[in-house]
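Summary of the model geometry
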There are 2 protein chains.
Amino acid sequence: MQGLDSVKDLVFETEYWQVMLFPSDQTYLGRSVIVLKRPCPDMPSMTDEEVIDFKNNVAKKLERAIRAVFGAELFNWSCLMNHSFRRSPPNPQVHWHLRPRYREVVNFAGETFTDPNFGYHYLPYPEPERKVNDEVRDNIIKAIKDQLGQA
Amino acid sequence: MQGLDSVKDLVFETEYWQVMLFPSDQTYLGRSVIVLKRPCPDMPSMTDEEVIDFKNNVAKKLERAIRAVFGAELFNWSCLMNHSFRRSPPNPQVHWHLRPRYREVVNFAGETFTDPNFGYHYLPYPEPERKVNDEVRDNIIKAIKDQLGQA
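The numbers attached to residues start from 1 for each chain and follow its sequence in the written order. Working convention: letters from A go to chains and numbers from 1 go to ligands, in the order in which they are written. Local features in a predicted model are, by the rule used here, given only for residues with pLDDT of at least 70; side-chain atom pairs are given and counted only at 80 or more, and totals for whole chains, interfaces and linings are based on all residues. The basis for every side-chain value is the complete set of heavy atoms in the structure, and neither hydrogens nor water enter the calculation.

**Some words on the side chain of Arg 31 of chain A**
- Under the scheme used here, helices are H or I runs from DSSP no shorter than 4 residues and strands are E runs no shorter than 2 residues, and both carry numbers assigned from the N terminus. Inspection of the secondary structure assignment puts Arg 31 of chain A in the loop between strand E2 (17-21) and strand E3 (32-36).
- Any pair of residues with heavy atoms lying within 4.5 Å of one another is described as a contacting pair. Once you skip the residues sitting within four places of it in the chain, Arg 31 of chain A turns out to touch Leu 21, Phe 22, Asp 25, Gln 26, His 97, Leu 98, Arg 99 and Pro 100 of chain A.

**Examining the pairing of strand E5 (residues 95-101) of chain A**
All names here are of chain A.
- With seven of its seven residues buried, E5 lies for the most part within the structure.
- The criterion for strand pairing is that DSSP finds at least two bridges linking the strands in question. Note: E3 against E5, four bridges, orientation antiparallel. Its bridge partner being in E5, Ile 34 is matched across the sheet by Trp 96.
- Here five bridges tie strand E4 (residues 74-79) to E5, and the two strands are oriented antiparallel to one another. Following the sheet pairing, Trp 77 is matched in E5 by Leu 98. Exposure categories follow from relative accessible area, calculated using a 1.4 Å probe and restricted to protein chains: below 20% of the type maximum is buried, above 50% is exposed, and the middle band is partly exposed.

**Side note on the side chain of Asp 53 of chain A**
Residues and elements named next belong to chain A.
- You can see Asp 53 is positioned in helix H1 (residues 48-70).
- Counted as positive: Lys and Arg. Counted as negative: Asp and Glu. His and the chain ends are not counted at all. We count a salt bridge whenever a side-chain nitrogen from Lys or Arg sits within 4 Å of a carboxyl oxygen from Asp or Glu. No salt bridge forms around the buried Asp 53; measuring N to O, its nearest opposite-charge neighbour Lys 61 is 7.4 Å away.
- What Asp 53 contacts, discounting residues up to four positions off in sequence, is Thr 14, Glu 15, Tyr 16, Trp 17 and Val 58.

**Some details on the nonpolar core**
- Throughout this description, the term nonpolar core refers to a set of buried Ala, Val, Leu, Ile, Met, Phe, Trp, Tyr and Cys residues connected via side-chain atoms within 4.5 Å. Among the nonpolar cores identified, the biggest contains 82 residues, and Trp 96 of chain A together with Trp 96 of chain B are the most heavily contacted of them.
- If you look at the next biggest cluster of nonpolar residues, it comprises six residues, including Tyr 28, Leu 80 and Tyr 122 of chain A together with Tyr 122 of chain B.

**Points about the pattern of salt bridges**
All names here are of chain B.
- Counted according to the given criterion, the structure contains 24 salt bridges over all chains.
- Here Glu 73 ties to Arg 103 by a salt bridge, and the two come within 2.8 Å at their closest N and O atoms. One end of the pair, Glu 73, is in the loop between helix H1 (48-70) and strand E4 (74-79); the other, Arg 103, is in the loop between strand E5 (95-101) and strand E6 (106-108), with 30 residues separating them in the sequence.
- Residue class for Glu 73 comes out partly exposed when judged on its relative accessible area of 24%.

**Quick word on the interface of chain A and chain B**
- Counting residues at the interface gives 38 residues for chain A, matched by 38 residues for chain B.
- Accessible surface is computed with a 1.4 Å probe, and the buried area is the amount of it that two parts give up when combined, taken over both parts together. Summed over both sides, the interface of chain A with chain B buries roughly 3400 Å², with 61% coming from carbon and sulfur.
- Where chain A touches chain B, the interface holds two salt bridges.
- For this analysis, a polar contact is any N or O atom pair within 3.5 Å, provided that within protein one partner can donate a hydrogen and the other can accept it, and provided that sequence-adjacent residues contribute only side-chain to side-chain pairs. Where chain A touches chain B, the interface holds 22 residue pairs in polar contact (both at pLDDT 80 or more).
- Looking at the side of chain A that touches chain B, the elements that each hand over two or more residues are H1, E4 and E5 of chain A.
- Here the element with the most residues in the side of chain A that touches chain B is H1 of chain A; it accounts for nine residues.
- Broken down by class, the residue content of the side of chain A that touches chain B amounts to 21 nonpolar, eight polar and nine charged.
- Here three bridges tie E4 of chain A to E4 of chain B, and the two strands are oriented antiparallel to one another. Looking across to E4 of chain B, one finds that Trp 77 of chain A is bridged to Cys 79 of chain B. Any residue outside Ala, Val, Leu, Ile, Met, Phe, Trp, Tyr, Cys, Pro, Asp, Glu, Lys and Arg is labelled polar, Gly included; the first ten of those are nonpolar and the last four are charged.

In structure tokens:
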């Protein structure tokens, strides 16, 4: 996916999916992008096995881990693919956005994360974006991975 | 779901899901809400059967029908549940939002529908909302249902 590093940003992967943190915007702490490993243009074209793996081995585990380590209370999921349609011809690839939502302020890795609008639709384009540096990114990923290891 | 009429707004239903048009905002023509029939608080709590039914019998068929009748080119899916978390305690119920996206202007039922920002994230709160009256709502639903009947 554009702007993501499948090595440095990788949180974990399953048989069909790759989970990456989205370090260029952590307005919603733990914001991640989940990409199907094979080429697939849209959500209904996923196989039954892929959608079950997504629900059980990505969404369930990732929600549980982020809830445990950061205290997220709600999780916003979306499958959009708008960016790809700015080009002609479009070349969409199925991916999901996860934005954890927080009622309370979170202090983590020396930084403070505040959900700017809990209870309302996430800001599609936060201004400014909440970029995190490599060290903070690595700490966020490690915290989630450690929790997943305990699950 | 709040603000929806499960009789007047109903497009179709499957074993597990109810598909309703969202007549209070048709900025993205065909915007719909898909609600799980049984109580279920979050996406990972769906059963395998429910998520497969959603993909195969809701998403695939609804996308195909709306593409055929209105010319939608892309479909934005989201599962958010923010509104429920404004209350305490929250009482979320799994539902999906579908916003079809259009490169071209669509003329239908004597009305003109223009996607204001194709290629970009949908407007979460369009101002003003594009309400449609009962007659236009019924025509939109009928067009989708007729197309589903032919599929």
